[in-house]
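# Chains, contacts and geometry: an overview
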Amino acid sequence: MEIILLGGIILGALVLFITELFPIDVTALVVLGLLLIFGLVTPEQSLSGFSNPAVITIACLFILSYALQKSHVLEYLIININKIIDKSQALGMAAYLFSIGIASAVVNNTAIVAIFMPVTIRLADKYNISPSKVLIPLSYAAILGGTLTLVGTSTNLIVNSVLVQSSELSLGMLEYAKFGVIKFVIGLLYICLLY
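An account of the accompanying structure is given in this report. Every value quoted in this text rests on a predicted model; they were computed, and no experiment measured them.

## Quick word on the side chain of Asn 109
The topology assignment puts Asn 109 in helix H7 (residues 109-126). Each residue touching Asn 109, except ones within four places of it in the same chain, is listed here: Ser 104, Ala 142, Ile 143, Gly 146, Gly 152 and Thr 153.

Printed below as a string of structure tokens:
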């Protein structure tokens with residue numbers, strides 16, 4: 001009976017996630033509540049995810065990205081990149097993607113994409129470029145930059161959390177940078193030359 005109940009909850013969650021009838025966070029909390037009500041998980045298990053250091057770190061990174069947005073540092077960056085783009089569009093785009101990659105190494109790459117998306121669309125409109133020609137490189141640059149550090153992407157934090165739980169070892173902040181720098185440089189060259 002528990003297997004059928006669990007299967008029904010998972011299927012219902014899948015349908016709700018796909019249809020987006022409710023916001024994703026509401027659906028996730030409803031699923032967690034149902035699992036708790038039907039006794040499929042213990043109260044300790046239901047709350048263990050919220051106390052995971054990776055979840056707390058990701059929450060802190062979103063706060064940091066909000067502070068970065070409110071401090072107007074990005075506007076200063078955009079003004080300088082506009083000056084470069086006025087001289088050379090290719091060089092300006094390379095500088096823009098490089099700065100996005102470096103920013104996503106320090107702040108979570110999902111937050112960086114969310115912050116830079118409106119700015120990127122405004123730049124595309126100003127220079128009569130199709131938004132898809134700049135939004136896809138924005139996403140790739142943020143992903144590549146996220147591979148440089150431990151906090152660059154949520155995946156790296158979750159992998160580190162699993163490693164800490166299973167072996168008491170921990171990855172360093174720049175552990176991924178050894179290979180991440182190579183991927184970052186080659187990826188940016190590819191985007192700038194072929195996109």
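## Comments concerning the packing of aromatic side chains
For the structure on display, the rule yields two aromatic pairs. An angle of 75° between the planes, with centres 5.9 Å apart, marks the rings of Tyr 96 and Phe 116 as edge-to-face. With a gap of 20 residues between them, Tyr 96 in helix H6 (residues 89-106) and Phe 116 in helix H7 connect regions that are remote in the sequence. Overall, Phe 116 belongs to the buried group, its relative accessible area being 0%. Taken together, a centroid distance of 5.9 Å and an interplanar angle of 45° make the contact between Phe 98 and Phe 184 tilted. On the criterion of sequence distance, the pair formed by Phe 98 in helix H6 and Phe 184 in helix H10 (residues 177-194) is long-range, its members being 86 residues apart. Using a relative accessible area of 5% as the deciding quantity, one classes Phe 184 as buried.

## Quick notes on helix H9 (residues 154-167)
If you check H9, its first and last C-alpha atoms are 20 Å apart, about what 14 residues at 1.5 Å a residue would give, namely 20 Å. Here H9 has its buried residues at Asn 156, Leu 157, Asn 160 and Ser 161. Down the axis of H9, the smallest arc covering the buried residues is 135°, so these residues share one side. Opposite its buried face, H9 presents the exposed residues Thr 155, Gln 165 and Ser 166, each directed more than 90 degrees away. Remark: Glu 168 follows H9 within two positions and exhibits a positive phi of approximately 65°.

## A look at a nonpolar patch on the surface
Taken together, the side chains of Leu 21, Phe 22, Val 26, Val 30, Leu 34, Ile 37 and Phe 38 present a nonpolar region at the surface, about 660 Å² in accessible area. Its place among the elements puts Val 26 in helix H2 (residues 24-37). The class for Val 26 is partly exposed, based on a relative accessible area of 36%.

Conventions used here
Residues numbered from 1 in each chain as written. Predicted model: local features only at pLDDT ≥ 70, side-chain atom pairs only at ≥ 80, totals over all residues. Heavy atoms only, no water. Helix = DSSP H or I, 4+ residues; strand = E, 2+ residues; numbered from the N terminus. Contact = heavy atoms within 4.5 Å. Phe/Tyr/Trp six-rings, centres within 6.5 Å; stacked < 30°, edge-to-face > 60°. Buried < 20%, exposed > 50% of the residue type's maximum accessible area, 1.4 Å probe, protein only. Expected span 1.5 Å × (residues − 1). Arc of directions from axis to C-beta. Patch = residues over 30% accessible without salt bridge, like charges linked within 9 Å, V, L, I, M, F, W, Y side chains within 5 Å. Areas by Shrake-Rupley, 256 points an atom, 1.4 Å probe, with all protein chains shown as cover. Salt bridge = Lys/Arg side-chain N within 4 Å of Asp/Glu carboxyl O.

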